[in-house]
Amino acid sequence: MFPGGGQPNMQALLKQAQKMQQDLAKAQQELAEARLTGSAGGGLVEATVTGSGELTALKISPQAVDPDDTETLADLVLAAVRDAAAAAQKLQAERMGPLTQGLGGGIPGLPF
């Protein structure tokens, strides 16, 4: 129901929807530009992702490289990427959550 029992002001609704769309686009742009870093092994491996989750850099310290134990290095890389991805998901929830709460289930492709 609408306050006062009358019809909704369509112009006001359209204006509100347009503002929501602009806010959403701005938040998506901020996420695309944000860089988050995750690490593992006390900083032996670092992964950098965008706020939208795209892996953009991977840094491996020479101390992490043991030719006889590549499994440990693989585990460190995986842990660093997961750490960075978790930071990206947290940022997505912080930036997009308030904007998508009223959309009934969020936006496809985003984890909230």
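Everything quoted here is computed from the prediction, not taken from an experiment. Positions within a chain are numbered from 1, following the residues in the order the chain's sequence is written. This being a predicted model, a pLDDT of at least 70 is required before a residue's local features are given, and a value of 80 or more before pairs of side-chain atoms are given or counted; all residues contribute to the totals for chains, interfaces and linings. Only hydrogens and water are removed before side-chain values are computed, so all heavy atoms of the structure are retained for them.

Here we come to the overall build of the protein chain. Strands are runs of DSSP state E lasting at least 2 residues, helices are runs of H or I lasting at least 4, and numbering of each runs from the N terminus. Looking only at helices and strands, the protein chain has two helices and three strands in total. For the protein chain, the sequential pattern of α-helices and β-strands runs α-β-β-β-α. The cut-offs for exposure are 20% and 50% of the maximum accessible area for each residue type, with area from a 1.4 Å probe on protein chains only; residues under the lower value are buried, those over the upper are exposed, and the others partly exposed. Put simply, the protein chain has 112 residues, and 25% of those count as buried. Nonlocal contacts in the protein chain, meaning residues at least 24 apart in sequence, comprise 43% of its contacts between residues at least 6 apart. Contact definition: two residues touch when any of their heavy atoms are within 4.5 Å.

Within the open sheet, the three strands sit side by side as β1-β2-β3. Their pairing is antiparallel. Single-partner strands in this sheet number two, and they are β1 (35-40) and β3 (55-60). Strand-to-strand twist in this sheet, taken as the mean axis angle between neighbours without regard to direction, amounts to 15°. For two strands to be treated as a pair, DSSP must find no fewer than two bridges joining them. In this structure, strand β2 (residues 45-50) lies alongside β3, joined through five bridges in antiparallel fashion. Bridging from a neighbouring strand, Val45 pairs with Ile60 of β3. Geometry is summarised by axes, namely lines fitted to C-alpha atoms with helices restricted to the contacting stretch, and by angles between N-to-C directions that run from 0 to 180 degrees.

Going residue by residue along β1, you find Leu36, Gly38 and Ala40 tucked away on one face and Arg35, Thr37 and Ser39 left uncovered on the opposite face. Pairing between β1 and β2: six bridges, direction antiparallel. Across the sheet, residue Leu36 finds its bridge partner in β2, namely Val49. What sits between β1 and β2 in their antiparallel hairpin is a turn of four residues, with Gly41 showing a positive phi close to 65°.

Let us now look at the pattern of salt bridges. Between side chains of opposite charge, a pair can form when the charged atoms approach closely. Salt bridges are defined as contacts in which a side-chain nitrogen from Lys or Arg sits within 4 Å of a carboxyl oxygen from Asp or Glu. Evaluated as defined, the whole model comprises one salt bridge. Its salt-bridge partner being Asp23, residue Lys19 comes within 2.8 Å of it at the nearest N-O pair. Of this pair, Lys19 and Asp23 both sit in helix α1 (residues 10-33), four residues apart, which is roughly one turn of the helix.

The buried count for β2 comes to five of six residues, which makes it a mostly enclosed element. Between β2 and β3, which pair antiparallel one after the other, the connecting turn spans four residues, and Gly53 there sits at a positive phi close to 100°.

Below, the discussion takes up α1. Helix length check: α1 (24 residues) gives 35 Å between terminal C-alpha atoms against 34 Å at 1.5 Å per residue, within 8%. Within α1, burial applies to Leu24, Ala27 and Leu31. Polar contact is the term for a pair of N or O atoms within 3.5 Å; when the atoms are in protein, one must be able to donate a hydrogen and the other to accept it, and sequence-neighboring residues count only if both atoms are side-chain atoms. The distance from a side-chain oxygen at the start of α1 to the backbone nitrogen of Gln11 is 3.1 Å, and the residue carrying that oxygen is Asn9. To estimate the expected span of a helix, count its residues, drop one, and scale the result by 1.5 Å.

A patch consists of residues whose relative accessible area exceeds 30% and which take part in no salt bridge; residues with like charges are grouped when within 9 Å of each other, and nonpolar side chains (Val, Leu, Ile, Met, Phe, Trp, Tyr) when within 5 Å. Areas reported as accessible are Shrake-Rupley estimates using a 1.4 Å probe. Residue values count occlusion only from the protein chains shown. Nonpolar side chains collect at one region of the surface, where Leu58, Ile60 and Val65 lie side by side and expose about 240 Å² of accessible area between them. Relative to the helices and strands, Val65 resides in the loop between β3 and α2 (70-100).

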